[in-house]
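# Overview (structure and organization)
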Amino acid sequence: RSGLITRQQLDNLQTFARDPLELWAKLPGIITDGAGNAAFQTPHAIREISVMGGRRNNKNVTGDGVSAMNAVPNQALSVTPSIDSVEEVQVLLSNYQAEYGRNAGAGINIITRSGSRDFHGSVSFYMRHENLNATSFFDNKFGREKPLSRTQARGLTIGGPAYIPGMINVDKKKLYFFYSTSQQPLKLPP
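First, a word on scope: everything that follows refers to the structure included in this document. (Residues numbered from 1 in each chain as written. Predicted model: local features only at pLDDT ≥ 70, side-chain atom pairs only at ≥ 80, totals over all residues. Heavy atoms only, no water.)

Turning our attention to the overall build of the chain. Of regular secondary structure, the chain possesses three helices and 11 strands. Its helices and strands in sequence order give the chain the pattern β-α-α-β-β-β-β-β-β-β-α-β-β-β, from N to C terminus. For the chain, with 190 residues in total, the buried portion stands at 35%. Within the chain, counting contacts between residues at least 6 apart in sequence, those at least 24 apart form 59% of the total. Surface exposure of the chain reaches about 11,500 Å², of which carbon and sulfur atoms provide 54%. (Helix = DSSP H or I, 4+ residues; strand = E, 2+ residues; numbered from the N terminus. Buried < 20%, exposed > 50% of the residue type's maximum accessible area, 1.4 Å probe, protein only. Contact = heavy atoms within 4.5 Å. Areas by Shrake-Rupley, 256 points an atom, 1.4 Å probe, with all protein chains shown as cover.)

At N169, a position not held by glycine, the phi torsion is positive, near 55°. Topologically, N169 is positioned in the loop between β9 (150-161) and β10 (176-183). Even without being glycine, K172 reaches a positive phi, approximately 55°. Mapped onto the elements, K172 comes out in the loop between β9 and β10.

It is worth spelling out the packing of aromatic side chains at this point. All chains considered together, the criterion is met by two aromatic pairs. Consider the rings of F119 and F177, whose centres lie 6.3 Å apart with planes at 55°: the pair is tilted. Here F119, found in the loop between β7 (106-112) and β8 (120-128), pairs with F177, found in strand β10; they are 58 residues apart in sequence, far enough to count as distant. On the basis of an interplanar angle of 80° and a centroid distance of 5.1 Å, the ring pair of F137 and F138 is categorised as edge-to-face. Taking relative accessible area as the criterion, F137 reaches 59% and is therefore assigned exposed. (Phe/Tyr/Trp six-rings, centres within 6.5 Å; stacked < 30°, edge-to-face > 60°.)

Attention shifts here to the side chain of E130. In this fold, E130 is placed in the loop between β8 and α3 (137-142). Among the residues examined, E130 registers a relative accessible area of 9% and is labelled buried. If we skip the residues at most four places from it in the chain, E130 touches K146, P147, L148, S149 and R150.

The next subject is the pairing of strand β4 (residues 59-63). The element β4 is extensively covered by neighbouring structure, given that four of its five residues are classed as buried. Summarising the sheet, β4 and strand β5 (residues 66-67) pair through two bridges and their orientation is antiparallel. From the neighbouring strand, T62 faces β5, where its bridge partner is S67. (Pairing = 2+ DSSP bridges.)

If you walk across this open sheet you meet the five strands as β1-β6-β7-β4-β5, and the pairing is mixed. Because the sheet does not close on itself, it has two edges, and the strands there are β1 (2-5) and β5.

Right under this line is the structure:
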């Protein structure tokens with residue numbers, strides 16, 4: 001049993017923190033108590049996920065086949081990929097091949113994006129501010145001000161052929177690059 005989250009789903013489904021981890025938790029057999037979900041990406045959020053009733057530390061997350069888990073507690077990622085740098089996420093729930101072993105639980109493989117023969121890129125800016133939020137029922141009832149809630153996510157991607165005209169990769173068929181960066185500054189209530 002496995003689940004797959006494609007690039008189209010990553011582009012079109014809403015996420016709270018622009019974190020692909022949020023979409024994994026929506027697959028069948030994956031349970032989270034939500035404690036790791038925040039308005040920003042956190043490497044330790046993976047510890048809040050239990051797959052197919054297994055222990056929370058019985059899972060292996062890999063990025064392009066290389067382990068991305070902190071090896072000591074096995075409950076935090078050593079890298080938190082931005083949603084713009086991920087092509088697809090494979091979640092192997094049970095009955096998978098031995099090559100995906102290492103743990104008794106699920107195997108989560110993050111496949112990153114690659115360049116192509118043409119140059120492509122994107123720039124993004126997402127903002128959340130308390131002035132754009134509705135006031136909650138209890139804040140209205142007791143006359144309280146909206147709590148401070150300010151997050152931003154800035155992102156940049158660029159990909160294409162790596163070539164030097166007339167010298168290296170002239171026909172643009174062999175060597176590609178993809179670069180992605182993301183920043184998430186935030187302000188939370190004191």
